[in-house]
Amino acid sequence: MNPIKLPEQEYLNSLLRYDFNQGTIHWLPQPGKRCNNAKQQAGCYTTKGYRVVRIDGRLYKEHRIIWVMNNGLIPNNCDVDHVDRNTSNNKLDNLRLVSRSLNNLNKDVKGVTYCKSRNKWIAQLRFQGKSILHKRFDSYEEALSVYQLTKDKLFADNIKLF
């Protein structure tokens, strides 16, 4: 699934101001607007811990807006990744561009699920449409360990795990 295409860099910079020290964005005063919230931080948090901002009726993730404001449009099949994996830390030095497939692997719990019918934990890893790992384990810790080791072995040069 492709993310929603963001507005152009120039347009975003005409609406918002980026605070480099805090890693936040704030509304700029908009002439002719009845509600002037220029002193407020833009957006709100989602249930998954990301900040989102509504622009022209559409919601955009704050870290993606910050990237575009400072670096220009995000190339197709690339995502903006949080280096420290803290989704509320949107400081520019904590954001990096990675391929979508690598970013999808940058989630520990994504590859470990519980199977109620078999009372087992399943470690599974897919990359570029191929199944790399699919095994069942008695404990979550064991499944996560095998998942992490497999991921480290295959992608050590491309993903920095914390």
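Our subject is the structure that appears above.
Below, the structure is looked at part by part. These figures come from a predicted structure and were not determined experimentally.

The rules behind each value
- The written sequence of each chain sets the order in which its residues are numbered from 1.
- Only residues with pLDDT of 70 or above have their local features reported here, since the model is predicted, and side-chain atom pairs are shown and tallied only from 80 upward, although totals for entire chains, interfaces and linings are computed over all residues.
- With hydrogens and water set aside, each side-chain value is computed from the structure's full complement of heavy atoms.
- Should a side-chain nitrogen of Lys or Arg be within 4 Å of a carboxyl oxygen of Asp or Glu, the pair is scored as a salt bridge.
- Where helices and strands are cited, they refer to DSSP runs of H or I of at least four residues and of E of at least two residues respectively, numbered from the N terminus.
- For every residue, the accessible area obtained with a 1.4 Å probe (protein chains only) is divided by the maximum for its type, and the residue is called buried under 20%, exposed over 50%, and partly exposed between those limits.
- Pairing of aromatic side chains requires ring centres within 6.5 Å, counting the rings of Phe and Tyr and the six-membered ring of Trp. Pairs whose planes differ by under 30 degrees are stacked, by over 60 edge-to-face, and all others tilted.
- Two conditions define a charge sitting above a ring: the NZ of Lys or the CZ of Arg must be within 6 Å of the ring centre, and it must be within 35 degrees of the ring normal.

## With respect to the pattern of salt bridges
Here's step 1: Applying the stated criterion to the full structure yields three salt bridges.
Here's step 2: One salt bridge connects Glu-62 with Arg-51, and the closest N-O pair in it is separated by 3.7 Å. Of this pair, Glu-62 sits in helix H2 (residues 62-71) while Arg-51 sits in strand S4 (residues 51-55), and the two are eleven residues apart along the sequence. Arg-51 shares its class with Glu-62; the two are buried.
Here's step 3: Measuring nitrogen to oxygen at the nearest pair gives 2.8 Å for the salt bridge that ties Arg-96 to Asp-81. In this pair, Arg-96 is assigned in strand S7 (residues 95-99) and Asp-81 in strand S6 (residues 78-82), connecting sequence segments 15 residues apart.

## Notes on the packing of aromatic side chains
Here's step 1: A full pass over the atoms with the stated rule returns three aromatic pairs.
Here's step 2: With centroids separated by 4.7 Å and ring planes inclined at 75°, the aromatic side chains of Tyr-18 and Phe-20 adopt a geometry described as edge-to-face.
Here's step 3: The interplanar angle of 70° and the centroid separation of 5.0 Å between the aromatic rings of Trp-121 and Tyr-140 together place this pair among those described as edge-to-face. You can see Trp-121 sitting in strand S9 (residues 120-127) and its partner Tyr-140 sitting in helix H4 (residues 140-155), a full 19 residues away along the chain.
Here's step 4: Trp-121 gets classed as partly exposed once you look at its relative accessible area, which sits at 24%.
Here's step 5: Pairwise contacts between aromatic rings join Tyr-114, Trp-121 and Tyr-140 into one cluster.
Here's step 6: In this structure, Arg-51 is placed above the aromatic ring of Tyr-45, and the distance from its NZ or CZ to the ring centre is 4.8 Å.
Here's step 7: Its end group placed over the ring of Tyr-50, Lys-61 keeps NZ or CZ at 4.3 Å from the ring centre.

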